[in-house]
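One letter stands for each residue in the lines below.
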Amino acid sequence: MTFSALDSALTGPLFASEAMRAVFDDRARIADMLAVEAALARAQAGLGLAPETLGPAIAAIAPDAVDLAAIGRETAHAGVPSIPFLKALRAMLPPALARDLHKGATTQDLIDGALALALHRAFALVAADLDAILAGLARLAEAHARTPCAGRTYGQHATPVTFGFKAAVWAAGIADVAAELPAVRTGACVASLAGPAGTLPAFGARAPEVADAFAREIGLAAAPIATHTRRAGVVRAGTWLATLMGALGKMAGDVAHLAATEVGEVAEPHAPGRGGSSAMPHKRNPVSCTVILAAASAARGPATTLLDAMVAAHERPAGAWHAEWHALPTLFGLASGALAEARRLAEGLVVDEAAMARNLDLTRGLLFADAAAAALAPVLGAEEAHARVTAAADDVRSRGMSLRDALAAPGDLPADVLARAFDLAPYVDAAAAFVPGALAQVETARRALAL
């Protein structure tokens, strides 16, 4: 039995990447726990507090040597996996070394240390996909900076924009979130060695020295004081992932609508069998958009769990910290699937410029109503121009004529005024003018991701 769609052999590959699932699988967790204990032993040995041979002895133990099933059964009794893990590890070490294993540390030091190592790898996967998505969207925005299409507000045609502008908005929204990744990663990937109640009392006044040495050995930033109940770094990681999925979801929602049969302006990149229907052979359902939108929706619950877990009683809580074990891997899994599909869209979206041009004429010129009112104002006055365009728009809807013909019907408007009112060029110029600024923001975010 599985308790998560991400763990399922059936749905896991749809919602989470294999690479991200590997980061948080049980064997990887055991490897990270071994790495934590080896780093702790090396740090203590360097300060004369443990045998020099303890760290290498731990490092020599292969994760596969640990009986996962046995640890799982004992975890159900012990309440945490660290107790059966350490019991198994001691049995693999010579007795003279085993007695110094895990000296001064506590369960949360081990579990949080292993988590920090996993998060470091997970963020690297996220950064790689984000960079590719931003690069793909930048190319799309640049290529279509002057490709006119209908702007849409409240689900209806508004004024013309360009598809490159639309892609640049997607890219900038994702770049807003991506630029925060270095700070989020730094805050979440810390080494906290604090002992039972946060003060590492086994080492007395040398406790901060031991904690700093452990951080150096494990290769993470040292926490200035215990993180047992300071969970802001973990929460920022989770809420950042949820925000990222929201930014990806904005793009996916737009693409799903633009790919609808009645719109047809874009299409997801297709492969045989992708997006098919069990009943309708013709279907090409938007799989990428579906996965991204599902992830954006599903992310809210785990993010809330992390926020709730911040209310941690005294020096170590019951339940709050344990809830993180479910929430964080779920968020990273959902993000990995959403990122993979967003990358597919950014790098392979099929754009139908002819459909965009056709759709611009769907409302028979109503997209130019604001420009028409502005063009007519010097001739008729602002209020009369607005009233004339409003009445003409009613004629467009009731009589099926074009807005240009409805305005021209009274015969009192100069031809050059009407031509100016329905000129697409100013709209294209205005939309295209914003693309370079968005692309500069994208490049800034990509540089941040490379750090």
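Residues numbered from 1 in each chain as written. Predicted model: local features only at pLDDT ≥ 70, side-chain atom pairs only at ≥ 80, totals over all residues. Heavy atoms only, no water.

**Q** Could you give me a rundown of the overall build of the protein chain, with the residues and numbers involved?
**A** The helix and strand inventory of the protein chain stands at 21 helices and 6 strands. Expressed as a percentage of its 451 residues, the buried residues of the protein chain come to 49%. Residue pairs at least 24 apart in sequence account for 77% of intrachain contacts in the protein chain once pairs closer than 6 positions are excluded. About 20500 Å² of surface is accessible on the protein chain, with carbon and sulfur atoms providing 59% of the total. In the protein chain, the 37 positive side-chain charges and the 44 negative ones have mean positions that sit 4 Å from each other. (Helix = DSSP H or I, 4+ residues; strand = E, 2+ residues; numbered from the N terminus. Buried < 20%, exposed > 50% of the residue type's maximum accessible area, 1.4 Å probe, protein only. Contact = heavy atoms within 4.5 Å. Areas by Shrake-Rupley, 256 points an atom, 1.4 Å probe, with all protein chains shown as cover. Lys, Arg positive; Asp, Glu negative; His and termini not counted. Charge placed at Lys NZ, Arg CZ, Asp CG, Glu CD.)

**Q** So, the environment of Ile-58: which residues are in play, and what are the values?
**A** Mapped onto the elements of the fold, Ile-58 is located in helix H4 (residues 54-59). The class for Ile-58 is buried, based on a relative accessible area of 0%. Once the C-alpha coordinates of Ile-58 and Ala-354 are considered, the two residues, 296 residues apart in sequence, prove to be 64 Å apart. If near-sequence neighbours (up to four positions away) are discounted, Ile-58 is found in contact with Leu-34, Glu-37, Ala-38, Ala-41, Leu-89, Leu-93 and Leu-101.

**Q** Now, about the packing of aromatic side chains: what can you tell me, with residues and values included?
**A** Under the counting rule described, the total for this entry stands at 8 aromatic pairs. Plain terms: the ring middles of Phe-123 and Trp-240 are 6.2 Å apart, the flat faces sit at 65° to each other, and that makes the pair edge-to-face. With Phe-123 in helix H8 (residues 107-143) and Trp-240 in helix H12 (residues 232-258), the pair connects residues that are 117 residues apart, well separated along the chain. Judged by its relative accessible area of 0%, Phe-123 falls in the buried class. Under the relative-accessibility criterion, Trp-240 is labelled buried at 3%. (Phe/Tyr/Trp six-rings, centres within 6.5 Å; stacked < 30°, edge-to-face > 60°.)

**Q** Pulling in residues and values, what's your account of the packing of helix H6 (residues 82-92) against H8?
**A** In the contact formed by H6 and H8, the axes pass within 10 Å of each other and the chain directions differ by 90°. The angle between H6 and H8 places the two elements in the roughly perpendicular class. In contact with Ser-82, Phe-85 and Leu-86 of H6, H8 contributes Thr-107, Leu-110 and Ile-111. (Axes fitted to C-alpha atoms, helices over the stretch in contact; angles between N-to-C directions. Parallel < 35°, antiparallel > 145°, perpendicular 65-115°, else oblique.)

**Q** Provide a residue-level description of the pattern of salt bridges, including the pertinent values.
**A** Under the defined criterion, the tally for this structure stands at 20 salt bridges. Between Arg-42 and Glu-217 there is a salt bridge, with its nearest N and O atoms 2.8 Å apart. Remark: Glu-217 occurs in helix H11 (residues 207-218) and Arg-42 occurs in helix H3 (residues 26-46); sequence separation between them is 175 residues. On the basis of relative accessible area, Arg-42 is assigned to the partly exposed category, the value being 31%. Judged by relative accessible area, Glu-217 falls into the partly exposed class, the value being 34%. (Salt bridge = Lys/Arg side-chain N within 4 Å of Asp/Glu carboxyl O.)

**Q** Explain the layout of surface pockets residue by residue, including any values.
**A** Taken as a whole, the largest pocket spans an internal volume of roughly 960 Å³. Lining the largest pocket are 26 residues, with Asp-7, Phe-24, Asp-26, Arg-29 and Trp-325 positioned closest to its centre. For the lining of the largest pocket, the secondary structure elements donating two or more residues are helix H2 (18-23), H3, helix H5 (68-78) and helix H15 (320-348). Among the elements that line the lining of the largest pocket, the one with the most residues is H15, at 5 residues. Taken together, the residues that form the lining of the largest pocket break down as 13 nonpolar, 7 polar and 6 charged. (1 Å grid on protein atoms, 1.4 Å probe; cavity = no way out; pocket = protein on both sides within 12 Å on 5 of 7 lines; lining within 4 Å. Points joined across faces, edges and corners; volume = space filled by probe spheres on them. Nonpolar A, V, L, I, M, F, W, Y, C, P; charged D, E, K, R; others polar.)

**Q** Tell me about empty space enclosed by the protein, residues and numbers included.
**A** Applying the stated criterion to the full structure yields 2 cavities of 30 Å³ or more. There is about 210 Å³ of room inside the largest cavity. Around the largest cavity, the lining comprises 15 residues; the ones closest to its centre are Phe-24, Arg-29, Ile-111, Ala-114 and Leu-115. Contributing elements (two or more residues each) for the lining of the largest cavity: H3, H8 and H15. Put simply, the second largest cavity is a space of about 40 Å³.

**Q** Got a sec to walk through the nonpolar core? Specific residues and values, please.
**A** Membership of the largest hydrophobic core comes to 121 residues, with the highest contact counts inside it found for Phe-123, Phe-163, Trp-240, Met-245 and Phe-332. With residues up to four places along the chain from it excluded, the contact list for Phe-163 reads Leu-140, His-144, Thr-147, Cys-149, Trp-170, Leu-258, Val-266, Leu-349, Val-351 and Met-356. Counting 25 residues, the second largest nonpolar core, distinct from the first, contains Leu-376, Ala-385, Leu-403 and Val-417. (Core = buried A, V, L, I, M, F, W, Y, C linked by side-chain atoms within 4.5 Å.)

**Q** Explain helix H16 (residues 353-360) to me, and be specific about the residues and the numbers.
**A** Helical geometry note: an α-helix holds 3.6 residues per turn, so side chains three or four residues apart project in the same direction. Buried within H16 we find Ala-355, Met-356, Asn-359 and Leu-360. The buried residues of H16 all sit within an arc of 145° when viewed along its axis, so they share a single face. For H16, the secondary structure elements touched by its buried residues are strand E1 (148-153), strand E2 (156-162), helix H9 (163-178), strand E5 (266-267) and strand E6 (350-351). Its side-chain oxygen 3.2 Å from the backbone nitrogen of Ala-354, Asp-352 forms the N-cap of H16. (Arc of directions from axis to C-beta. Polar contact = N/O pair within 3.5 Å; in protein donor to acceptor, adjacent residues only side chain to side chain.)

**Q** Account for the packing of helix H13 (residues 287-298) against helix H14 (residues 300-309), naming residues and giving values.
**A** Running from N to C, H13 and H14 point in directions that differ by 25°, and their axes come no closer than 5 Å. For the element pair H13 / H14, the angle class is roughly parallel. The segment H13 lies against H14, with Ala-296, Ser-297 and Ala-298 engaging Arg-300, Gly-301 and Pro-302.

**Q** Give a description of the confidence of the model for the protein chain that names residues and reports values.
**A** In the predicted model, the protein chain carries a mean pLDDT of 92, and 96% of its residues have values of at least 70. Within the protein chain, no element has a lower average pLDDT than helix H1 (residues 12-15), which sits at 82, and none a higher one than H9, at 98. Taken together, the stretch residues 276-281 has pLDDT below 50 and engages in 3 contacts with residues farther than four places along the chain or on a different chain. (pLDDT = per-residue confidence, 0-100.)

**Q** Kindly report on the pairing of E1, identifying the contributing residues and their values.
**A** As paired strands, E1 and E2 are joined by 5 bridges and run antiparallel to one another. Bridge pairing links Cys-149 to Val-161 in E2. (Pairing = 2+ DSSP bridges.)

**Q** Describe the state of the cysteines, and please don't skip the residues or the numbers.
**A** All chains considered together, the criterion is met by 0 disulfides. Just so you know, Cys-289 is unpaired, no disulfide at all, and the nearest cysteine sulfur is the one on Cys-149, 16 Å from it. (Disulfide = S-S within 2.5 Å.)

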